[in-house]
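Close look at the chain arrangement
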Amino acid sequence: FVCSESFPTEATVAVRAAPSHQSEYLTCLPHGTEIYSTGRFGDFLRFHLPKEGTAEAYVPLMFRGLTLFVPGDLPSRNVSPSGSEAEQAQRLAQLEERVSHQETIIKALQAELSALRAHMSAVATAFGTLASRSS
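Residues numbered from 1 in each chain as written. Predicted model: local features only at pLDDT ≥ 70, side-chain atom pairs only at ≥ 80, totals over all residues. Heavy atoms only, no water.

1. Concerning the environment of Phe 47
By secondary structure assignment, the location of Phe 47 is in strand S5 (residues 44-49). Residues Phe 47 and Val 59, twelve residues apart in the sequence, show an inter-C-alpha distance of 8.4 Å. The residues touching Phe 47, leaving out its near neighbours within four places in the chain, are Val 15, Leu 29, Ile 35, Tyr 36, Ser 37, Thr 38, Ala 55, Glu 56, Ala 57, Tyr 58 and Val 59. (Helix = DSSP H or I, 4+ residues; strand = E, 2+ residues; numbered from the N terminus. Contact = heavy atoms within 4.5 Å.)

Below, the structure written as C-alpha cells:
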C-alpha cells in the first residue's frame, strides 16, 4: 500500500499495536511510506514493524474521512510463473507461518468467547435470582 493523494505530505500516521485508534501507540510513519500489508482488520492494515521489536503493527486506511493508503503496484520480479523450488518452499513456509499465526488468533478468540459466554450465563443466573425474589 502507498500513501493516497489525500494523505497530506506534511502529515504522519500513527502506528498502533492493535487495530484500534485507542490501542498502544508504537511510532509514526511519514508521508511516502510504503506498507507491505500482511492482512486487513476492518479499517486497519496489519504489517510487520521489526525495528520496534514487535511482530505486528497496524495503521488506519482512513482517518477523519481522509483515505490514507491505497493499493500500490507490486515490485516487479524477474521470476518464472512457477518459480524455483527454493522460492516455492520459502513461500510455502511463509504461508504455513501465517496459517499458524491465524490459528493462534482463532484459538484465543474462541477462549475469549467461551469466557464471555460463562460470564453472560452467570449474569443471567444472577438476574434470574433477583427476578424470582421480587415476585
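Now that the structure is up, let's keep going.
2. With respect to the confidence of the model for the protein
Mean pLDDT over the protein stands at 82; residues scoring 70 or higher make up 89%. Taking the mean pLDDT of every element in the protein, the minimum, 79, falls on helix H1 (residues 85-134) and the maximum, 93, on strand S2 (residues 12-16). Taken as a whole, residues 76-81 scores under 50 in pLDDT and shows two contacts with residues more than four places along the chain or in a different chain. (pLDDT = per-residue confidence, 0-100.)

3. Some remarks on the nonpolar core
Residues Val 13, Val 15, Leu 29, Phe 47, Val 59 and Phe 69 are the most contacted members of the largest nonpolar core, which totals 14 residues. Every element with two or more residues in this core is listed here: S2, S5 and strand S6 (54-60). Tallying contributions element by element places S5 first for this core, with three residues. Those residues in contact with Val 15, other than ones at most four positions away along the chain, are Glu 24, Tyr 25, Leu 26, Thr 27, Cys 28, Leu 29, Phe 47, Leu 49, Ala 57, Tyr 58 and Val 59. (Core = buried A, V, L, I, M, F, W, Y, C linked by side-chain atoms within 4.5 Å. Buried < 20%, exposed > 50% of the residue type's maximum accessible area, 1.4 Å probe, protein only.)

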